[in-house]
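Per-entry structural report
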Amino acid sequence: MRYATYVADGETFYGAVTDAGMIALSPQFPHWPTLRDVIAAGGLPALAQAAESQPVTHKDFTYEIPIPNPEKIICVGVNFPDRNAEYKDGSAQPKHMSLFPRFPRSFTGAGRPLIRPPENHTLDYEGEVAVVVGKAGRRIKPEDAYDHIAALTLANEGTIRDWVRHAKFNVTQGKNWDNSGSIGPWLVPFTDAAQLDDARIVTRVNGEIRQDDTLNRMMFPIREEIAYISTFTTLQPGDVIITGTPTGAGARFDPPKYLVPGDVVEVEVEGIGILRNTVEDEA
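Everything numeric in this text was worked out from a predicted model, so none of it was measured.

1. Things to note about the overall build of the protein chain
The number of helices and strands found in the protein chain is seven helices and 18 strands. At 18 Å, the protein chain has a C-alpha radius of gyration in line with the 19 Å of a compact globule built from 283 residues. Along the first, second and third principal axes, the C-alpha set of the protein chain runs to 55 × 45 × 30 Å. Within the protein chain, the fraction of its 283 residues that count as buried is 53%. Taking contacts inside the protein chain between residues at least 6 apart in sequence as the whole, the part at least 24 apart equals 75%. In the form shown here, the protein chain has an accessible surface area of approximately 12400 Å², with 50% of it arising from carbon and sulfur atoms. Distance between charge centroids for the protein chain: 5 Å, based on 27 positive and 38 negative side chains.

Next comes the structure, spelled out in structure tokens:
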């Protein structure tokens, strides 16, 4: 079962995704206003049960990001060996992972355009798996980390490259332009470690494969990400961790292959789905 947040007829719903369309479930669960509330209550099984007996309610809809109001979105940077080598600074594998925050407004839903701002045209793509926290925790042990994951989704962690170079110790300003990235299209419940341990992620631009790698090559596996992050902050249900992108982002080509209006970017992981977005200039 897959669950999404979407807009239809000017109203926002969450519901179950089928090949024929959406089954609106939020009207049946008014005590859970968003999928964040569903996850906090451990309510995904209740959604699955409700969807079994319901017909499709919407065939014409637009995706929103699945968790519209997370307390925090934390991204892991430079998390594949080849990505570290891309920087050509002679550095060995770092001792600790690189982290930065993103704001919900910097992401849009599947099928919507990524927006290239007029101030800078170095819009780049980064295909990633995102995990959604289901159970709160602090100082979580790596061996217990998967017990805290409720669901998986995909992210295109779109970046304005020139702006990540504006300061010595942070990339926040290059990572948070409105609608520069995307999350979605839906949530897939996390039920088996193999969903992450055996996952292969592929990013395509206009059909050309740009990124292709497996999560088992991460320098900091997702179990370690959850353990490290939860050391300094309490993870809450609905929090999103964007786990790292493979080599092959546009900035690393010579010359760079930044995104331009009309491009189509797809991030795919078997068992999760395909996150597809176009690119437009800001109106």
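Alright, that's what it looks like, and here's the rest.
2. Structural notes on the sheet that holds strand 17 (residues 264-269)
Strand order in the open sheet made by the five strands is 8-18-17-14-15, with mixed pairing throughout. Pairing within the sheet leaves two strands with one partner each, and these edge strands are strand 8 (114-116) and strand 15 (208-214). Across the sheet, the mean angle from the axis of one strand to that of its neighbour is 15°, orientation sign disregarded. For strand 14 (residues 200-205) and strand 17, the ladder comprises five bridges, and the chain directions are antiparallel. Each bridged residue has a counterpart across the sheet, and for R204 the counterpart in strand 17 is E266.

3. A closer look at unusual backbone geometry
Cis geometry is adopted by the peptide bond preceding P185, which originates at G184 and carries an omega value of 0°. Cis geometry is adopted by the peptide bond preceding P255, which originates at D254 and carries an omega value of 0°. Topologically, P255 is positioned in the loop between strand 16 (240-242) and strand 17. Phi is positive for R139, which is not a glycine, with a value near 55°. Tracing the sequence through the fold places R139 in the loop between strand 10 (127-133) and strand 11 (149-156). A positive phi angle is found at N179, which is not glycine, with a value near 55°. When you line up the elements, N179 lands in the loop between helix 5 (172-175) and strand 13 (181-189).

4. Thoughts on the pairing of strand 11
Across the eight residues that make up strand 11, a large majority, eight, are buried. Bridge count between strand 10 and strand 11: seven bridges; the pairing is antiparallel. Of the residues in strand 11, the one forming a bridge with E128 is A155. Taken together, the five bridges between strand 11 and strand 13 define a ladder with antiparallel strand orientation. Note on strand 13: the bridge partner recorded for N156 is S182.

5. Observations concerning the pattern of salt bridges
Opposite charge on two side chains allows them to pair when their charged atoms are near. One pass over the full model with this rule turns up 18 salt bridges. The partner of E157 in a salt bridge is K175, with the nearest N and O atoms 3.0 Å apart. Of this pair, E157 sits in the loop between strand 11 and strand 12 (159-160) while K175 sits in helix 5, placing them 18 residues apart in sequence. For the pair shown, E157 and K175 are each scored as buried.

6. Considering helix 7 (residues 222-232)
Every buried residue of helix 7 is accounted for by I222, E225, I226, A227, I229 and S230. Among the structural elements, strand 5 (73-77), strand 6 (98-102), strand 10, strand 11, helix 6 (194-197) and strand 16 are those in contact with the buried residues of helix 7.

Reading the values: rules and limits
- Residues numbered from 1 in each chain as written.
- Predicted model: local features only at pLDDT ≥ 70, side-chain atom pairs only at ≥ 80, totals over all residues.
- Heavy atoms only, no water.
- Helix = DSSP H or I, 4+ residues; strand = E, 2+ residues; numbered from the N terminus.
- Rg over C-alpha atoms; globule rule 2.2 N^0.38 Å.
- Buried < 20%, exposed > 50% of the residue type's maximum accessible area, 1.4 Å probe, protein only.
- Contact = heavy atoms within 4.5 Å.
- Areas by Shrake-Rupley, 256 points an atom, 1.4 Å probe, with all protein chains shown as cover.
- Lys, Arg positive; Asp, Glu negative; His and termini not counted.
- Charge placed at Lys NZ, Arg CZ, Asp CG, Glu CD.
- Pairing = 2+ DSSP bridges.
- Axes fitted to C-alpha atoms, helices over the stretch in contact; angles between N-to-C directions.
- Salt bridge = Lys/Arg side-chain N within 4 Å of Asp/Glu carboxyl O.

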